[in-house]
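The primary structure of each chain is shown beneath.
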Amino acid sequence: MKTSECYLPEGSYTALPEVRQALSSTDGLRRAQDEGMILEAVAQRCTAAHDLLFDLGFAQGVMPRSCCALGVAEGDTREIAILSRVGKPTCFVVTEIDETADPPVVWLSRTIAQQRAQDFFLDTLQPGDVIPAAVTHLEPFGAFVDIGCGVASLIGIENLSISRIFHPSDRLHVGQSIYAAVRSVDWETRRISLTHRELLGTWEQNAAQFSPGETVRGVVRSVEPYGVFIELAPNLSGLAEPRGDLDAGTVVSVYIKSILPQRMKIKLTVIDVLAPRGAPPLPRYFITEGHIDEWVYTPACCDRKYIATVFE
């Protein structure tokens, strides 16, 4: 996993002993400033001038608007990127300490931490690298995630899983810690795009969790004239006979009639309609670290559709 303990998704720093120690005294902050250490605290307030304020207990932290997020000073990032930090863990480095004030005022910069993290990722990450991330918000077209210090990356909805979904909230929720693989690194736009589905297992790996004759839970993903596609796992769906009382998103119990690797098919019979499911279940990862050169979803014995990803 090509990442660094220095550049973690926001929310990960608070528990680190060295961060807690640095935030316990002015001397600790001085050492953190000298070392360029990345710290983290919860933003308590955003002023009318869009400066973020932090209560450090023995001192007040002030993060000027221009230091709150990459692109704000240039007008490339919207103000909501600052306003939305209130009440959330926010990373920063210490740039100045004014001990003549009572209480002392500590000047903070998130943009310095973000710039360092972004440069590190652009310099070191390669397509196929597996990294941790945290979901920050969801849009119809995909999930935005924090790969370190608030540096944002996008996982397109088509890359969240093999099984098709209508909205990323069918698969993820805000605040969730996940793993992702790097799809591309673009130095010109300074963007890193990610994919998720390759970490959720091949057809055979997922099918091995089930056996003919079992009855299990599933989620209807699409209703077609010839049958109903029902998701058994994020990367595995089966086909049941047509039924008029089912819609996409309906939770059902299904009987597994057969599993056919050579046709990459699972035949199902719907037993019952179940109560709606709450939050999407946590994904089962088959890969959580390292590097992927090529990922082949289709079983070797299958003579049907070939699904694969080549990272290059």
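Use the structure listed above.
Residues numbered from 1 in each chain as written. Predicted model: local features only at pLDDT ≥ 70, side-chain atom pairs only at ≥ 80, totals over all residues. Heavy atoms only, no water.

Participant: I would appreciate a short explanation of the pattern of salt bridges in the present structure.
Facilitator: Two side chains of opposite charge can pair, provided their charged atoms sit close to one another. Going through the model one piece at a time under the given rule, you end up with twelve salt bridges. Across the pair Glu 99 and Arg 30 runs a salt bridge, and its minimum N-O distance is 3.1 Å. Of the two residues, Glu 99 is situated in the loop between strand S5 (89–98) and strand S6 (105–109) and Arg 30 in helix H2 (residues 26–35); the sequence distance between them amounts to 69 residues. Look at Glu 99 and you get partly exposed, because its relative accessible area is 46%. As a salt-bridge pair, Asp 245 and Arg 243 come within 2.7 Å of each other at their nearest N and O atoms. By relative accessible area, which is 45% here, Asp 245 ends up partly exposed. Residues participating in the shared-partner salt-bridge network are Asp 170, Arg 171, Arg 221 and Glu 231. (Salt bridge = Lys/Arg side-chain N within 4 Å of Asp/Glu carboxyl O. Helix = DSSP H or I, 4+ residues; strand = E, 2+ residues; numbered from the N terminus. Buried < 20%, exposed > 50% of the residue type's maximum accessible area, 1.4 Å probe, protein only.)

Participant: Sorry if this is basic, but what is going on with the nonpolar core here?
Facilitator: Within the largest apolar cluster, 86 residues are counted, with the highest numbers of intra-cluster contacts made by Leu 39, Phe 54, Ile 147, Leu 194, Ile 230, Leu 232 and Leu 236. Sequence-distant contacts of Leu 194, defined by excluding residues within four places in its chain, comprise Ile 131, Val 145, Ile 147, Ser 153, Leu 154, Ile 155, Gly 156, Asn 159, Ala 180, Ala 181, Val 182 and Arg 183. (Core = buried A, V, L, I, M, F, W, Y, C linked by side-chain atoms within 4.5 Å. Contact = heavy atoms within 4.5 Å.)

Participant: Sorry if this is basic, but what is going on with the pairing of strand S7 (residues 130–139) here?
Facilitator: Moving residue by residue along a regular strand, the side chains alternate between the two faces of the sheet. In this sheet, strand S10 (residues 177–186) lies alongside S7 in antiparallel orientation, the contact comprising five bridges. Residue Ala 133 lies in a different strand from S10, and its bridge partner there is Ile 178. Linking two consecutive strands that pair antiparallel, namely S7 and strand S8 (residues 142–148), is a turn of two residues. (Pairing = 2+ DSSP bridges.)

Participant: Please explain the environment of Tyr 306 as it appears in this structure.
Facilitator: Along the polypeptide, Tyr 306 turns up in the loop between strand S17 (294–296) and strand S18 (308–310). Residue class for Tyr 306 comes out exposed when judged on its relative accessible area of 56%. For the pair Tyr 306 and Met 264, spaced 42 residues apart in sequence, the C-alpha separation works out to 9.8 Å. Not counting the four nearest positions on each side in its chain, Tyr 306 is found in contact with Glu 294, Val 296 and Thr 298.

Participant: Honestly, the pairing of strand S4 (residues 60–63) in this entry has me stumped. Any pointers?
Facilitator: Taken together, the four bridges between strand S3 (residues 52–55) and S4 define a ladder with antiparallel strand orientation. Note on S4: the bridge partner recorded for Leu 52 is Met 63. A loop of four residues connects S3 with S4, the two strands running antiparallel in sequence, and Gly 57 in this loop sits at a positive phi of about 85°. In terms of strand pairing, S4 meets S6 through three bridges, oriented parallel. Among the inter-strand pairings, Val 62 is bridged to a residue of S6, identified as Trp 107.

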